[in-house]
Every structure is written in C-alpha cells, then in structure tokens.
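Understanding the architecture of this molecule
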Amino acid sequence: MENRTHLTGIKELTVEQIEQLLMRADYWANRPGEFTGTLAGRFVANLFFEPSTRTRFSFEVAEKRLGAHVLNFAAEASSTTKGETVYDTIKTLEAMGVEVAVIRTRHNGLVRHLASQVGLALINAGDGTNEHPTQCLLDLLTMKQQFGRISGLKVAIIGDIRHSRVAGSHLHALPRLGAELLLAGPPELMPDISTLPHGVKTVELEEAITTADVVMMLRVQLERHDRTLFASTDVYHAAYGLTLERAARMKPEAVIMHPAPVNRGVEIHSDLVEAKPSLIAKQVSNGVAVRMAVLEYVLHGGGTTWASCLQTAAC
Ligand code: CP
C-alpha cells in the first residue's frame, strides 16, 4: 500500500506538525476569499455518514478555493444502503482516481483503521466520540489569533465531555501546547479521570467559568445518550449552562467558544451566542482556513517540502 499522509487524529500529530498546520491555516485566514490552483485537476470526496453543516460545507469551500474537483457523497443514496462497507466505498473511489476522502463516521477509530488499508489520503471529519481533529485545529487557531499564544492559557471545556469528540481531540492538543485544560460539567457526562493526560483537571463549574481565559461550551449530545439524564433543557441550563449571570462572572478578557451546532437556551443563553466575548462565528470562518491547510498537508505528504512552503501561495 502506498505510504500516504493522513489526518486521522490530533493524537497522531507532533507538536511541530500542529504548529505548522496552524501557521499555514493562519496564512489562509489572512486571505479570505482567495482562490488558488494547488489542487487543480485533483479529485476530493466528502463522505459524511453522520449529519454535518459546518464541517461538510467548510471542507467543500476549502476544496473549491484550492481548485479541486469536489465529489459529495450522500450516504442514504449510496450503495452503502445495499450493504457495501466504508472500506469498499473508499476503494471504489480510489479506483476512479480520487486522491483524498474526508470522512465523518459514528464509529470510533474507523478512519485510523482504514488509513493503513487504502491508497488515497484520509481526513477524519469526526469519528464517533473519539476525535474531531480539524475542529480542534480551528479552535486552536482562534485562540492563538485572540491571545497571540496558546501556551499559558487556561481553557475550560464545559458540558457533555464524555460524548465529545472535540474534547477528545483537545485532550491531545492543549496540554502538549502548554495550556491548562479544565473540564467541568454534570458528573454523568464527565470522562474517566484516570485516563486524563497530565495538565488536565476536572473542576467545579464556578471555578471553570470564573478563572478561564477561554470558556468553551459543549452541546449535550442527546443522540449519543442511552438514557434521559435531565428532566428538561431548562433544568440543564440552570444547573450547567452558560447563563447571563455566570457569563458576567467571567474574567474581563475571557472569550466564549463553542464548536456548534449550538442549542440556544440549553448549554448557552441565546443572547451570548453573538455577544461581544463570543468567538463562535470566528471559529466557523477559521474552519475554512484550517481545512485548506489540512488538504495541502495530506497532499504534500507533510515533510520538508510542506514545512518550507508554509508562507507561500503554492504549498
Ligand atoms: N462543529 C461541527 O462539527 O459541526 P457540524 O456537525 O455542523 O459539522
């Protein structure tokens, strides 16, 4: 099997690779709307087996800005409904000359598992409750743009940590980049603390909100719960949501982030979504820049040629 470069998870990236991806993404973030022909004549397929708005469309925008031919795959209209596996679907695309497949799946670890078996480059667009590496990178880029650094920041991730692939990726990024990571939320939705890396700790909600530089709220992922944990969304909001009163106790320079989709009035008060400290729209914009960088990275194969072109138009 050809030795391709994939992006299967943040866990598999070195700190240097993360920093290079952020540098390249910042290059594109500073050039909104610019198109290039780096991927001209090359085919990229978006295979989403779970719903998505931000990730799917920002990959498509990124692919088109790099000049790629884009193939969008509707799982419900594909031969997977006739029993074809994801592996056979990818091999079929590979046989047609597709060079990159962007995959969202509900199966933890599937993208990594497939990466050693296929000849095209794979990008993980979210796998179950495992990882969401491009969301993590766009969050990191947004923090870096806001504070000029990631090292030394105190980042609080609040809510349904147990089912969050975004938190899953940040566990492997923020501590390695020198940030302090605080986790807070309902006990039933917290991860097993014995598995947390060094630099990560669980705290009470009040400490998370009042001491963090970044307050990142997470949606309650009801679709991944096997039982009802809260009497109502109002009960959750009062107990664990970012209410107006709690937001007023954030540090003066602290910012609000959220990977979205947002459930207004549940994990976050509706008025805070577009309030001054909120970087939620900025995160979405940065999603395009990050995905342009990731597409270039996998097609370049990482390595020295990639490292040497991070500040040039044709990378
Ligand atoms: N943040 C995120 O992954 O959103 P989508 O599910 O809309 O892609």
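Residues numbered from 1 in each chain as written. Predicted model: local features only at pLDDT ≥ 70, side-chain atom pairs only at ≥ 80, totals over all residues. Heavy atoms only, no water.

A look at the sheet that holds strand S1 (residues 43–48)
Just so we agree on the cut-off: Note on pairing: two strands pair once DSSP finds at least 2 bridges between them. Think of it this way: any DSSP run of H or I at least four residues long counts as a helix, any run of E at least two long counts as a strand, and we number them from the N terminus. Here the axes come from fitting lines to C-alpha atoms, over the contacting stretch only for helices, and the angles between their N-to-C directions go from 0 to 180 degrees. Should any heavy atoms of two residues lie within 4.5 Å, those residues are considered in contact.
Overall, parallel pairing links the four strands, which are arranged S2-S1-S3-S4 in an open sheet. The outermost strands of the open sheet, each flanked by one partner alone, are strand S2 (69–74) and strand S4 (121–127). Averaged over all pairs of adjacent strands, the angle between their axes in this sheet comes to 15 degrees, without regard to strand direction. Two strands pair when backbone bridges link them, and S1 and S2 are joined in this way by six bridges, in the parallel orientation. Across the sheet, Phe43 pairs through a bridge with His69, a residue of S2. Against the sheet, helix H2 (residues 54–65) engages S1, S2, strand S3 (98–105) and S4, with an angle of about 180 degrees to S1.

Some remarks on the nonpolar core
Heads up, the rule is: Working definition of a nonpolar core: buried Ala, Val, Leu, Ile, Met, Phe, Trp, Tyr and Cys residues. They are joined through side-chain atoms within 4.5 Å. Each residue is placed in one exposure class: buried if its accessible area under a 1.4 Å probe, protein chains only, is under 20% of its type's maximum, exposed if it is over 50%, and partly exposed if it falls in between. All the domain ranges listed were derived from an automatic or database domain assignment.
One finds Ile123, Leu137, Leu140, Ile157, Leu183 and Leu295 to be the most contacted residues of the largest nonpolar core, which totals 63 residues. Per-element accounting of this core gives the leading share, 10 residues, to helix H11 (residues 280–300). In terms of domain composition, this core takes at least three residues from each of domain 1 (10–132 + 287–308) and domain 2 (133–283). With sequence-adjacent residues up to four places away left out, Leu137 is seen in contact with Leu7, Ile10, Ile18, Leu21, Leu22, Val290 and Val294. Ranked by size, the runner-up nonpolar core spans 20 residues in total, among them Met217, Ile268, Leu272 and Val273.

Focus: the domain arrangement of the chain
Threshold: The term buried area means the drop in 1.4 Å probe accessible area that two parts suffer when joined, counted for both and summed. When a carboxyl oxygen of Asp or Glu is within 4 Å of a side-chain nitrogen of Lys or Arg, the pair counts as a salt bridge. For the purposes of these results, a polar contact is taken to be a pair of N or O atoms within 3.5 Å, where, inside protein, one atom must be able to donate a hydrogen and its partner to accept one; residues adjacent in sequence count only when each atom of the pair is a side-chain atom.
Considered domain by domain, the chain is made up of domain 1 (10–132 + 287–308) and domain 2 (133–283). Computed over C-alpha atoms only, the centres of domain 1 and domain 2 are separated by 25 Å. Facing the 31 residues of domain 1 at the interface are 26 residues of domain 2. With both chains or domains summed, domain 1 and domain 2 bury close to 2300 Å², and 64% of this area falls on carbon and sulfur atoms. For the domain 1 face of the interface with domain 2, the top three residues by lost area are Ile10, Leu22 and His132, together amounting to 29%. Our count for the domain 1 to domain 2 interface comes out at one salt bridge. Across the pair Glu50 and Arg165 runs a salt bridge, and its minimum N-O distance is 2.9 Å. Linking domain 1 with domain 2 are 13 residue pairs in polar contact (both at pLDDT 80 or more), by the criterion used here.

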